[in-house]
Every structure is written in structure tokens, then in C-alpha cells.
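A closer look at the structure
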Amino acid sequence: MSIYDTLNKEQREAVFCTEGPLLMLAGAGSGKTRSLTHRIAYLIEEKGIAPWNILAITFTNKAAGELKERLAGMLGEAGQGITAATFHSACARILRRECDKLGFSSSFTIYDSDDSQRTVKSILRELGISEKMFPPRTILSEISHAKDLLQEPDEYIASAAGDYRNLTIGKVYKHYQKKLKAANAMDFDDMICHTVKLFEQFPDVLDHYQNLYKYIMVDEYQDTNKAQFRLVSLLSQKFHNLCVVGDDDQSIYKFRGATIENILNFEEQFDCNADTDVIKLEQNYRSTQNILNCANQLISNNQGRKGKNLWTASGDGEKVTVYKASSERSEAKFVADTILEDINKGRNCLLYTS
């Protein structure tokens, strides 16, 4: 029995569709990680793709570790050669090799939030700007947003259009980047911005990494921002073998620069066929049908969505209980009490809060 026989129809379609762009619309609990790992295994075992020609991008180190662990279990040594990493760690790896072209040495320091705050505070003192009027955290949030948009300091200043607050932040942003460069340092947002700049300014470097990563997979695509989209677009534009996995109903990081349009406009942006290059994983392996009916009804009210209908073969299950809390404390107490009550009764407990 083949490992692919354990997949459902839509999962198999996603696994076997290896060439060209592919959007995997994966509802909650639909086995997206399983589909990803099997797709990678299929590329290596059945298509003969070298492990080092595959790049799998996740959003957290934990997710990357889980992916590597599953692949090692499925593929043995071959699983070790796959690059499974977050956006930032994948870019850091590239920059350690290539950053001299941007005027950095390979031993550059990566600033954390405390390092960045100290740097901004020193700039405010040098420029005679009040920390009370311009808190360092607020400035860094604005700088981070500008970098998500791939907006350089001079572009940010130009867009300020005479606005005193934005002009001041732009001035700090410009000094901040100069100080980072002088210290041979980058912050986390720079990891992606500098990699994009590297690819755009040095076509030979881009060509090398396009040839290295011929098959690219991106998880949680609904939470990507403009810089991440540009990075993925550049890397995949030679071979077009880009598979993205996401759920337009689970986009939660708009406040951190996520652009839902990246997943909504995938077919248009990567010139693919909506009938064959978009696969919906709608079978749920986590919940009962009553829970899914409730979820389907709620998310159907979302605006700007592709639409899907979650279902399960696990039966209807118990009816959904709705509890309206008077406060967040009341809600937390109800959740905790319900969990304890079900544990004492030896039952599984599944709660959704909103």
C-alpha cells in the first residue's frame, strides 16, 4: 500500500500537482501539513527531485521543526537535505553568504527588539526629539510597517507630504538605517528587505538561488506581507513551481502588515488556472459536523473570501452550546470550568471563543 493511498481525493490532487503554481486552500483541521510533507516526499521519491532543490517556508521555528521531523521520518537521510525554514531564517542563510554585495560582512549582527529600542533612543537624544512625543516603540512599529511595504527612508519621507509626525519618524528611520549599517547589523525586518534588494540589484545572485530552489512551498500564505510576497515572486519567477498553502478565513496578522490580497489574487498574480491550480481541502479531521456547520455559517459572513464548505465524516456530534459572557474574565472562567468539568467526566472538550 502506497503512503499516498491514505490521502483523500483533494489531498492527492495537491500532492501530485507538482509543476507550475498551485494554491492549496486548506480549511482548519484539513491535514495541510500532511499534504505538504507528502507532496515533498512525492517530489523526491517519484519525481526524482534533489532534496536541496526544495524550499519549504513556514512562519514559526516550531512549524519548521515539525516539518523537518515528519520528513525525516518519511524519507530518512533524504529529508535532511530539504531547506525547511521561516522567512527570516531562510533569508539570514542567504545573507550570510551574499551580504558583502550590500556592504555588510558575513558576521553581521541581528538586532532584537531591545537592541533596536536602544538604537532609536540614542537617535532621539542626538536629534533632540522628545521620547514622550515620539515613543521608541511607536517609531519602530512605523519603521517595521514601512519595511513590510519595502519602503526606504527617503520614500517614507517623500510620502509624508509635510506631515510633521511622519517627517520626524522618517528622519529617525533614516538615521536608524545608517546606524545599523555602521554597526554591521540588521533587524528582523531587514532580513527580508535586504534579501529582496540583493535579488533585485544582482541578477546573477537571484539566478543562483532560483536554480537552487526550483520547488518552493509557502505555508500560512494568507499572513504574508508585501516584502514576503516580493521575495517569493522573485525566487519562483524562473521555474514557476510555487505551491502556497493558506486559508483566507484565518488571516489574523493584518496589524503586522499581512496582506490578504496575496491569497485572494494568487491566480491573477501568478497567471494560473483557477479550475486546475486551486485545490480546496475542505474535509475536516478535527471537529464534528455540528461544529463545522456553525463555523461555516459564521465565516460565510466574511467579506473578500474565496469560499469553501468544511465537512467531516466523523458524524454530527453534540449540538453547539452558545454562551454569552459579560466580560473577558467571565468568558475565561466559563472556558476553564467547562474544561475541568469535561475532564472530570472523562470527555474530550472542544471550545471556540469569539
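Basis of the calculations
- Residues numbered from 1 in each chain as written.
- Predicted model: local features only at pLDDT ≥ 70, side-chain atom pairs only at ≥ 80, totals over all residues.
- Heavy atoms only, no water.
- Core = buried A, V, L, I, M, F, W, Y, C linked by side-chain atoms within 4.5 Å.
- Buried < 20%, exposed > 50% of the residue type's maximum accessible area, 1.4 Å probe, protein only.
- Helix = DSSP H or I, 4+ residues; strand = E, 2+ residues; numbered from the N terminus.
- Patch = residues over 30% accessible without salt bridge, like charges linked within 9 Å, V, L, I, M, F, W, Y side chains within 5 Å.
- Areas by Shrake-Rupley, 256 points an atom, 1.4 Å probe, with all protein chains shown as cover.
- Salt bridge = Lys/Arg side-chain N within 4 Å of Asp/Glu carboxyl O.
- Polar contact = N/O pair within 3.5 Å; in protein donor to acceptor, adjacent residues only side chain to side chain.
- Phe/Tyr/Trp six-rings, centres within 6.5 Å; stacked < 30°, edge-to-face > 60°.
- Lys NZ or Arg CZ within 6 Å of the ring centre and 35° of its normal.

A closer look at the nonpolar core
With 39 residues, the main nonpolar core has F199, V218, Y221, L242 and F266 as its most contacted residues. Secondary structure elements with two or more residues in this core: β1 (22–26), β2 (54–58), α4 (87–98), α9 (188–201), α10 (203–212), β6 (215–218), α11 (226–236) and β7 (242–246). Tallying contributions element by element places α11 first for this core, with 6 residues. Listed in part, the 28 residues of the second largest apolar core include V15, A26, I279 and L281.

Structural notes on a nonpolar patch on the surface
Taken together, the side chains of I339, L340 and I343 define a hydrophobic patch exposed on the protein surface, amounting to about 270 Å² of accessible area. Of note, L340 is situated in helix α15 (residues 328–344).

Things to note about α11
Burial within α11 is extensive, with 9 of its 11 residues counted as buried. Taken together, the buried positions of α11 are A227, Q228, F229, L231, V232, S233, L234, L235 and S236. Regarding α11, its N-cap is N225, as a side-chain oxygen of that residue lies 3.1 Å from the backbone nitrogen of A227 further along.

Describing the packing of aromatic side chains
Under the definition given, this model contains 12 aromatic pairs. Ring geometry for F199 versus Y209: centroids 6.0 Å apart, planes at 45 degrees, classification tilted. Placement of the pair is F199 in helix α9 and Y209 in helix α10, with a sequence separation of 10 residues. Under the relative-accessibility criterion, F199 is labelled buried at 2%. Ring geometry for F229 and F270: centres 5.9 Å apart, planes at 70 degrees, overall edge-to-face. Here F270 lies in the loop between α13 (266–269) and β8 (278–281) and F229 lies in helix α11, a separation of 41 residues in the sequence. Per residue, the accessibility class of F229 equals that of F270, and both read buried. Within the aromatic cluster, the residues linked to one another by ring pairs are Y221, F229, F266 and F270. R96 extends its terminal NZ or CZ atom over the ring of F108, reaching a point 3.9 Å from the ring centre. The ring of F104 has K181 lying over it, and the distance from NZ or CZ to the ring centre is 5.3 Å.

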